[in-house]
Every structure is written in C-alpha cells, then in structure tokens.
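Residue-level structural notes
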Amino acid sequence: MRFRDYDPDRDKEAVHRIYREIGWIEKKKEQEAMDLFLESSRAMVAEVNGEAESLVITASGLIRYLKEDLTLSALAGVTTGRIARKRGLASQLAAMAIARDAAQGALVSALGMFEQGYYNQLGFGTGGYEHWCSFDPAQLEVELSPRIPRRITPDDWEAVHSSRLSRNRGHGSCNLEAARLTQSEMLWSKNGFGLGYCDGAHGELTHHFWYRTDDVECGPYSISWMTYQNRDQFLELLALLKSLGDQVRLVKVREPQGIQLQDLLKKPFKMRQVSEKSKYESRMRASAYWQVRICDLNGCLERTHLTGERVRFNLILTDPIEGFLEKDAPWRGVAGNYLVTLGPSSEAKPGTDTTLPTLNASVGAFTRMWLGVRPATGLSWTDELSAPEELLEALDHLLCLPDPKPDWDF
C-alpha cells in the first residue's frame, strides 16, 4: 500500500470507480461535478495493487468564532473502494491529510460524518444540532409581495459563490474559498435551480435560494442553501418561497441561525398531524451530523475573545490522531500539558501551575466546549472531559456562546 497525492492523469478513472461503487456518482453530469470538486481541492489517495482505492479530499476555508475568522480545513470526502474496506486506509489517509493542512496553517478541521464515532479516533467532536424544517410553503405567514426574481442556473456559479461568501454570518459559520466548489455543488443537484435578487451596488447577487428536487411539479423541494445580508432580504426570500405554494406542496429548509421558523408558520401542529406519514409530511427534524476539532490550540485561543472574568487552569489534553501518523509527520496533533487562560484575551502555553485547577479533556471534547456546542458540565457527563466542579461552573458561565452553525455543508 502506498499513500500519495492525487494525480488526475493517473487516478481519475480509479476515483470515478470508487465514487460509483459507493453510489455518489451515476451520470456524466455528476462525474463532471466530481472532477471540478477535485480540481478545487487537495486530494490524497491510497494505492492498492497499483491503483487508487481510497480517496481523501480537503478544501480550504474559514470558520467564524464570534467575530473572528479562523483558517479551516474541511474534510470534504473520505471514500474507499469495495476491495479495500476495513484495512485502515481511510483513517490513516484522512489523518495524513489533516496533518498536512494543519502544518500549513489550518487552525481548525471540520467534516460531515456518515456515522457518529468513526472520526472521534482522529480527534473530532460532534457539532450542534441542525434543524431541518419541512412545511407547505403556502403556510408561511409572510404578508409582503416579493419582486420578480432572477432565474439562477449553474452558469451563474461565480455570482452564486460570491453571494454565499458575503451572506449574513454568525458564530460557527463556514466559508469554503474556491468558487468551483459551488459550481460543483450546483451541477451535482438533481433538477437544481435558483431564484434570487441582484441588489448589490454593482448588480451583485445579494440574496437567493438554491433548490433541488426529485419531483419538479409538486415537490418536495429541498433548499440546499439560502443567502441574505439583512432582515428585509430574508423576508423577501420567504415571501418568494411562499409564492411557489400554489403548486409546490412541501419544502425542506435548514433553520437559519438565530431564527425559529415555527414563528412564521400557520398552525404548525395541525399541519403536522394532518400530513403525518404522507409524501408531504410537515415536520421538524434535528440531527448533529458535522464534527470539528482544533488543530492549533494556541492559534485558536489567541483569536478567542470572551466577555466575562478570565478563567485560568491547567489543561491535560489528549489527541488520538497521533497514533495514525508517522513519527516524521509535519504535525502530530495537539496533545500535551498546557497553562490556559480564557477571557477577553486568551492563550494556551506549555506548562503547569500547581496552584490552579486542572481540566482533563480529549481534543474533541475540548473543541466542543470551546466552540459552544455544549457546556463544560454537560460534556463532563457525556464526553471525555473532567474537572473540579468550581472550574466546570466557571467555564459554563464564560463560554455561554450562540449555537454554532456552519451553514455550509461539506
């Protein structure tokens, strides 16, 4: 077995085969989308019998921590062909890709998981719940009349990507840098189309939806993303969505950060009951399907500015990714003993102060606490995190943060 960078001239047919075997591509359009995705990312392969049999893709971006943007490596694909399963190829290859990006400046790594537990062995901790709301768009209680929108197609990928980057963003939100990644997502969408408005000073696309659907006539429609910069644009998009309700019976949308969509729905409990178990069932579902880990502890804490009295403590941090890396890897995780300060100015430096309390944590659990996924006390009950009660309570109070929402699937 050999691990190396992806070579399109040598590996393209092999990685297409991997994606066909796992059911991620079927048609020529999806193959084209995959190639665009690979061209815009960094990829590594594991070679078996002279051919690529495992593929890991990472994409560069940013993740927002309160008002700071931190460099991000998004693990955007971890796949293995049928003949090479259960041999540890994917986990070792993913660890190498994370180490490469961390050594080149990524402060945080994040991914969308296929199942909870697998990526914990690489130091990842589970993110917060995403709420997916399915409803009849005619039930939206938005009274304004939307203007006539512009049709958006995959040919508009550059404008769409710019709109995504300039959208209203909150804590935990992610941006992926390469515009071709958005083009790839648009091409990958079954029956994909968009509607939006170009209200920028120079005609830029400011707010829009991107949809996909199996049934164009009546839905359900899924909204892959929506972008807006302010309240008026958000409400206009909802009014535009409502205007489709004379034909489309159901839409599925991820609840935006800071918004409770139920506030804007007529009789949500009645609609849930009368549509139960139908193709057009109104419902709200929650799922925590993304994971995240710190790759540079002091780099992250230097960009952490919290409101409240500072808290100082010893941190004994474990990081399982070390076991998947060679001894000469350019980065070997963040395990160690640290003296940590959290507050308006934060830092982590090697060392121990015997006069301070000690927090023991895995990097995944510490990342969840730092990002505000769950409070320290709750994590001490369910994850690999422990400390004296007084320290847990102080951390609960200091790290009282908005729910982190990536708002960009990868």
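Anything mentioned here points back to the structure above.
In this report, we go over the structure that sits alongside the text. (Residues numbered from 1 in each chain as written. Predicted model: local features only at pLDDT ≥ 70, side-chain atom pairs only at ≥ 80, totals over all residues. Heavy atoms only, no water.)

Summarising the element assignment, Glu-47 is placed in strand 2 (residues 42–48). In this structure the side chain of Glu-47 is engaged in a polar contact, spanning 2.9 Å, whose partner is the side chain of Arg-10. Beyond its immediate stretch of four places on either side in the chain, Glu-47 contacts Met-1, Arg-2, Arg-4, Arg-10 and Ala-52. (Helix = DSSP H or I, 4+ residues; strand = E, 2+ residues; numbered from the N terminus. Polar contact = N/O pair within 3.5 Å; in protein donor to acceptor, adjacent residues only side chain to side chain. Contact = heavy atoms within 4.5 Å.)

Attention shifts here to the sheet that holds strand 16 (residues 311–318). Pairing within the open sheet is mixed, and its 5 strands lie in the order 18-17-16-19-20. Each edge of the open sheet is held by one strand with a lone partner, namely strand 18 (347–350) and strand 20 (385–386). Relative to strand 20, strand 19 (residues 358–362) runs antiparallel, the two being bridged by 2 bridges. Paired with Ala-361 across the two strands is Leu-385, which belongs to strand 20. Its contacts with the sheet place helix 9 (residues 363–371) against strand 16, strand 19 and strand 20, and it is angled at close to 110° to strand 19. (Pairing = 2+ DSSP bridges. Axes fitted to C-alpha atoms, helices over the stretch in contact; angles between N-to-C directions.)

Within the fold, Ser-275 resides in the loop between helix 7 (268–274) and strand 14 (283–287). Ser-275 sits 139 residues away from Asp-136 along the chain, and the two C-alpha atoms are 9.9 Å apart. Among all residues touching Ser-275, those that are not within four sequence positions of it are Tyr-280, Glu-281 and Ser-282. At 2.8 Å, the side chain of Ser-275 forms a polar contact with the backbone nitrogen of Ser-282.

Scanning the entire structure with this criterion turns up 3 cavities of 30 Å³ or more. Roughly 150 Å³ of volume is contained in the largest cavity. Lining the largest cavity are 14 residues; nearest its centre among them are Cys-133, Ser-134, Leu-265, Pro-268 and Ser-282. Sorting the residues of the lining of the largest cavity by element identifies strand 7 (130–135), helix 7 and strand 14 as the ones contributing at least two each. (1 Å grid on protein atoms, 1.4 Å probe; cavity = no way out; pocket = protein on both sides within 12 Å on 5 of 7 lines; lining within 4 Å. Points joined across faces, edges and corners; volume = space filled by probe spheres on them.)

What follows concerns the sheet that holds strand 11 (residues 207–213). Reading across the sheet, the 7 strands line up as 8-10-11-12-13-7-14 and stay open at both edges, with mixed pairing between neighbours. The outermost strands of the open sheet, each flanked by one partner alone, are strand 8 (150–152) and strand 14. When the angles between neighbouring strand axes are averaged without regard to direction, this sheet yields 25°. One ladder, built from 5 bridges, connects strand 7 with strand 14; its direction is antiparallel. Looking across to strand 14, one finds that Cys-133 is bridged to Met-284.

What follows covers helix 11 (residues 389–398). Two residues of an α-helix separated by three or four positions point the same way, owing to the 3.6 residues in each turn. Of all the positions in helix 11, only Leu-391, Leu-392, Leu-395 and Leu-398 are classed as buried. What you see down the axis of helix 11 is that its buried residues fit within an arc of 130°, all on one side. Turned more than 90 degrees away from the buried face of helix 11, the exposed residues are Glu-390 and His-397. Elements that come into contact with the buried residues of helix 11 comprise strand 16, strand 17 (336–342), strand 19, helix 9, helix 10 (376–382) and strand 20. (Buried < 20%, exposed > 50% of the residue type's maximum accessible area, 1.4 Å probe, protein only. Arc of directions from axis to C-beta.)

Attention shifts here to the packing of helix 4 (residues 157–165) against helix 5 (residues 179–188). Helix 5 packs onto helix 4 with a crossing angle of 110° between their chain directions and a minimal axis gap of 8 Å. By the angle between their directions, the pair helix 4 and helix 5 is classed as roughly perpendicular. In the packing of helix 4 onto helix 5, the handedness of the crossing is right-handed. Contact residues: Trp-157, Val-160, His-161 and Arg-164 in helix 4; Ala-179, Arg-180, Thr-182, Gln-183, Glu-185 and Met-186 in helix 5. (Parallel < 35°, antiparallel > 145°, perpendicular 65-115°, else oblique. Left-handed = near helix turned anticlockwise from the far one by under 90°.)

On to unusual backbone geometry. Most of the time, phi is negative for any residue but glycine, and the peptide bond is trans. Cis geometry is found at the peptide bond from Gly-219 to Pro-220, where omega equals 5°. With respect to the helices, strands and loops of the structure, Pro-220 is situated in the loop between strand 11 and strand 12 (221–227). Even without being glycine, Leu-66 reaches a positive phi, approximately 55°. On the secondary structure map, Leu-66 appears in the loop between strand 3 (51–65) and strand 4 (68–80). The backbone of Lys-277 sits at a positive phi, close to 65°, despite the residue not being glycine. Relative to the helices and strands, Lys-277 resides in the loop between helix 7 and strand 14. Overall, the relative accessible area of 76% leaves Lys-277 in the exposed class.

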